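One-letter residues, chain by chain:
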Amino acid sequence: MNKTISLILSSLICSSIAYAHSEHEKKSTNLNSITVTANKIEENIKDVPQSITVLDETTLQEKGIKTVIDVINQVPGMYAANSTSGTYINFRGLNTSLFTNNNPVVVYINGIPMANRYNFNPALANVQRVEVLRGPQGTLYGKDAIGAVINIVTKEANNYYNGSLTLEYGSNNYNLANFYINGPIIKDKLFWGLNGNFQKDDGWIKNTYPGMKDHANRQNSRKVNTYFLYKPTDRLSLKLNLTDEHEKKHWSNGYSQSDQIDVSDANRDDAEHFSFDVPTVEILDTQAQSFQAKYAFNNFDFSSLTTHKKFNIDGEYDADYSDNPAFKELYQMNKSETKSWTQEFRLSSTNSEDFRWVAGLYFEDEKLDNGPYGMQFNMMGTKMVQDAQSITNSKTQALFGQVTIPFYEDFELTLGGRYQRIKKDIDLDMYMLPVGVSGPAMNHFNDEKTWNTFLPKLALSYKINEDWTTYTSISKGYMPGGFNYFAMNDDKDANSFEAQKSTNYEIGLKGSFDKTDLTLSIFRMDIKDVHVYKSLSTSVWLTDNAKKAYSQGVELEISHYPNSNWELTSAFGFTDAKYKEYDAGDAKYDDEKIQLTPEYTARVGIGYFNPSGFYSRADINLQGPTYFFHDSKNKMDKQDNYITTNVKLGYKYKDWDFYAYANNIFDEKYVTAFDTAGGMSRITFGDPRKIGVGLRYSF
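Note that the structure is a prediction, hence the values are computed from the model and not measured.

**Student:** Now, about the confidence of the model for the protein: what can you tell me, with residues and values included?
**Tutor:** Any residue range with low pLDDT should be treated as having predicted coordinates unsuitable for detailed reading. Per-residue confidence for the protein averages 90 on the pLDDT scale, and 95% of its residues sit at or above 70. Confidence drops under a pLDDT of 50 for residues 1-28, and excluding neighbours within four residues, the segment shows 44 contacts in the predicted structure.

Structure below.
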């Protein structure tokens, strides 16, 4: 820790000695000046009775935030990790639901929802701000938003062209090109924009198996978006967004070991040179479109938002994630195609304060075509394949509304509700055959279920004075149930799971004083039918429900701007999350910590900015003890706390920005994901130290 503090201070001092008394053009933020669309209408952040973290474009650039996981790392109490099974998210004790594939935090960009754990990384190339709406958002955002919503607000063109180009090069042959351009086609009428993000990284793991490529965990991606905005009148606007994304990932950021290993015994040094004999690659392709029509009536706005998305995953993986001769040339497979349509019709008031309201209808139709999904293995000298192929349909209809009513001058009452109906059906065939041989399914499973629910919200806020607001709220969180799409038998009860539900209580305080912004929230969640993932043997896995759990804690964010040169930011989260009643069949986990929930998090940042153009900053992230579910040993395995430090130095000259950075500068070694099943543990680590340089041109 002393090394960390010394380096921070020395980097700041070196960049500021010659300029310590200058004024800087950088503007300090203030809660009174932040507008958000959390309730699907524009409001001042202090008038919204819930906890919200906002990151504007300047903050994203200065902190080097390039991905949704980088965003999550700025939020108190929120945890994210890339694993061998997609992106895992945890917030306030809520985890990824593996057989719905969905995370408890939903990302929205251009109105398109992204909750799938394999499809959770949109490009941040044309972003005006990112709003992280903490707590359940089901009333206005619907299914899956049981934990939070990350609302990415993109820039829109005007009558003047603007844009930027960013290039970076770093450790392990890391390459980044990021750009956007916005401008008019016909002045005042027709506008367009184009943005893209291109990345390549050779990775830090070397495969030592003869004949295999050295760069085991290399990856590359291409993400492009374009839009057209037409304003035929002052009242009507039409916007079309088109997105195409391609990602190719090899291996993972870790290795496999015996399922008897503990988290504390995992060693990143051993993972840096590892041997596996089957090429392991995952290809992700997304094509998405959205069309939004808005019309401004005299006293209210009407909007229609239509989205379509097709997401494909094509993955082949070493069967045992090693070079064990018993699994030579055998692999696992995960191929699927998801198609979804959504339609929302919304009416909303034009007020940003006083009496305001929003109401609407929502429809969603999703089809998941899953398979081949399974693995190859040896059975008495014969190569066999276990393959589940299924089609799952999901249809959602919802009616929602929310109203905010001022009374007694300084009070506001918010009432909201969403009635939601979700119908799902599955048709699955499970095959167990010799490799290369066709034949009948060993098991056929089909089922159909409907979940109806009402998601209410009640909040009361009180404006203490012009600078301070306090609030309290009660709301219901919801994540739909589903089916096991690796069903080994036709037992409908054993191969389905119920919706996860939560009752949420929160009190909060927001305000500003003496060049300081502060937000504080205290929460409590009572959770029922928690989605849990367990294995019944070396080849049978399923999602089930733990009956009861709870989560409670405190989240605090403080930003201080002592003068126009300095910026101090911090975020603290403390979470106590435990199962109250969880019988996994072969073990009980009553009163155990909920996995992947950090006991505490602390993010502290310090930045210096000088009008001459020089700037520097350092960001320290502290992750408290975190538990991983160790299925093979029937226990929760603890990882101790760890600290990572990122630093950045730069110089801005006119439209140019030149900078250098070091992430995890002290090369802290820590585990981000830990899964045990089938006789092995799959372990994912945080990235080693990464050093890079970059330049940005803006106009």
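There is more to say, and it comes next.
**Student:** Please set out the pattern of salt bridges residue by residue, giving values where relevant.
**Tutor:** Under the definition given, this model contains 36 salt bridges. Two residues, Arg134 and Glu557, come together in a salt bridge whose shortest N-O distance is 3.2 Å. With Arg134 in strand 8 (residues 127-134) and Glu557 in strand 30 (residues 541-560), this pair connects stretches of sequence that are 423 residues apart. Each member of the pair, Arg134 as well as Glu557, is classed as buried. Ionic pairing is found between Lys593 and Glu599, a salt bridge with its closest N-O pair at 3.9 Å. Note on Glu599: relative accessible area 23%, which makes it partly exposed. Salt bridges linked by common partners bring Arg92, Arg134, Glu506, Glu555 and Glu557 together as one network.

**Student:** Which residues make up the sheet that holds strand 3 (residues 52-56), and what values do they have?
**Tutor:** The mixed open sheet is built from five strands, whose spatial order is 3-8-9-6-7. At either end of the open sheet lies a strand with only one pairing partner, and these are strand 3 and strand 7 (112-116). In this sheet, adjacent strand axes meet at a mean angle of 15 degrees when their direction is disregarded. The sheet contact formed by strand 6 (residues 102-109) and strand 9 (residues 148-154) spans five bridges and is parallel. Counted as the bridge partner of Ile109 is Ile152 from strand 9.

**Student:** Explain the environment of Ile522 residue by residue, including any values.
**Tutor:** Along the chain, Ile522 turns up in strand 29 (residues 516-535). Given a relative accessible area of 38%, Ile522 falls into the partly exposed group. Between the C-alpha atoms of Ile522 and Gly553, which are 31 residues apart in sequence, the distance is 5.9 Å. Leaving out residues up to four positions away in the same chain, Ile522 has contacts with Tyr505, Glu506, Ile507, Gly553 and Val554.

**Student:** Provide a residue-level description of empty space enclosed by the protein, including the pertinent values.
**Tutor:** To locate leftover empty space, one rolls a probe as large as a water molecule over the atoms. Summed over all chains, the structure comprises 10 cavities of 30 Å³ or more. Volume-wise, the second largest cavity comes out at about 580 Å³. Counting residues per element, the ones that place at least two in the lining of the second largest cavity are strand 6, strand 7, strand 19 (300-318), strand 20 (331-349), strand 21 (356-379), strand 22 (382-407), strand 23 (411-434) and strand 26 (482-483).

**Student:** Provide a residue-level description of the packing of aromatic side chains, including the pertinent values.
**Tutor:** If you walk through the whole model with that rule in mind, you get 26 aromatic pairs. With centroids separated by 5.6 Å and ring planes inclined at 50 degrees, the aromatic side chains of Tyr255 and Phe685 adopt a geometry described as tilted. Here Tyr255 is found in strand 16 (residues 254-258), whereas its partner Phe685 is found in strand 39 (residues 680-685), with 430 residues between them in sequence. The exposure classification of Tyr255 matches that of Phe685, with both residues buried.

**Student:** Give a description of the environment of Asp655 that names residues and reports values.
**Tutor:** Within the secondary structure, Asp655 sits in the loop between strand 36 (642-653) and strand 37 (656-663). The sequence separation of Asp655 and Ser164 amounts to 491 residues, and the corresponding C-alpha distance is 9.3 Å. The residues contacting Asp655, other than those within four sequence positions of it, are Arg696, Tyr697 and Ser698.

**Student:** Please set out a nonpolar patch on the surface residue by residue, giving values where relevant.
**Tutor:** Together, Ile185, Ile186, Phe228, Leu240, Leu242 and Phe291 make up an exposed nonpolar region whose accessible area comes to about 480 Å². For the nonpolar patch, the elements supplying multiple residues, two or more each, are strand 11 (174-186) and strand 15 (236-250). Note that Leu240 resides in strand 15. For Leu240, a relative accessible area of 32% puts it in the partly exposed group.

Definitions and limits used
- Residues numbered from 1 in each chain as written.
- Predicted model: local features only at pLDDT ≥ 70, side-chain atom pairs only at ≥ 80, totals over all residues.
- Heavy atoms only, no water.
- pLDDT = per-residue confidence, 0-100.
- Contact = heavy atoms within 4.5 Å.
- Salt bridge = Lys/Arg side-chain N within 4 Å of Asp/Glu carboxyl O.
- Helix = DSSP H or I, 4+ residues; strand = E, 2+ residues; numbered from the N terminus.
- Buried < 20%, exposed > 50% of the residue type's maximum accessible area, 1.4 Å probe, protein only.
- Pairing = 2+ DSSP bridges.
- Axes fitted to C-alpha atoms, helices over the stretch in contact; angles between N-to-C directions.
- 1 Å grid on protein atoms, 1.4 Å probe; cavity = no way out; pocket = protein on both sides within 12 Å on 5 of 7 lines; lining within 4 Å.
- Points joined across faces, edges and corners; volume = space filled by probe spheres on them.
- Phe/Tyr/Trp six-rings, centres within 6.5 Å; stacked < 30°, edge-to-face > 60°.
- Patch = residues over 30% accessible without salt bridge, like charges linked within 9 Å, V, L, I, M, F, W, Y side chains within 5 Å.
- Areas by Shrake-Rupley, 256 points an atom, 1.4 Å probe, with all protein chains shown as cover.

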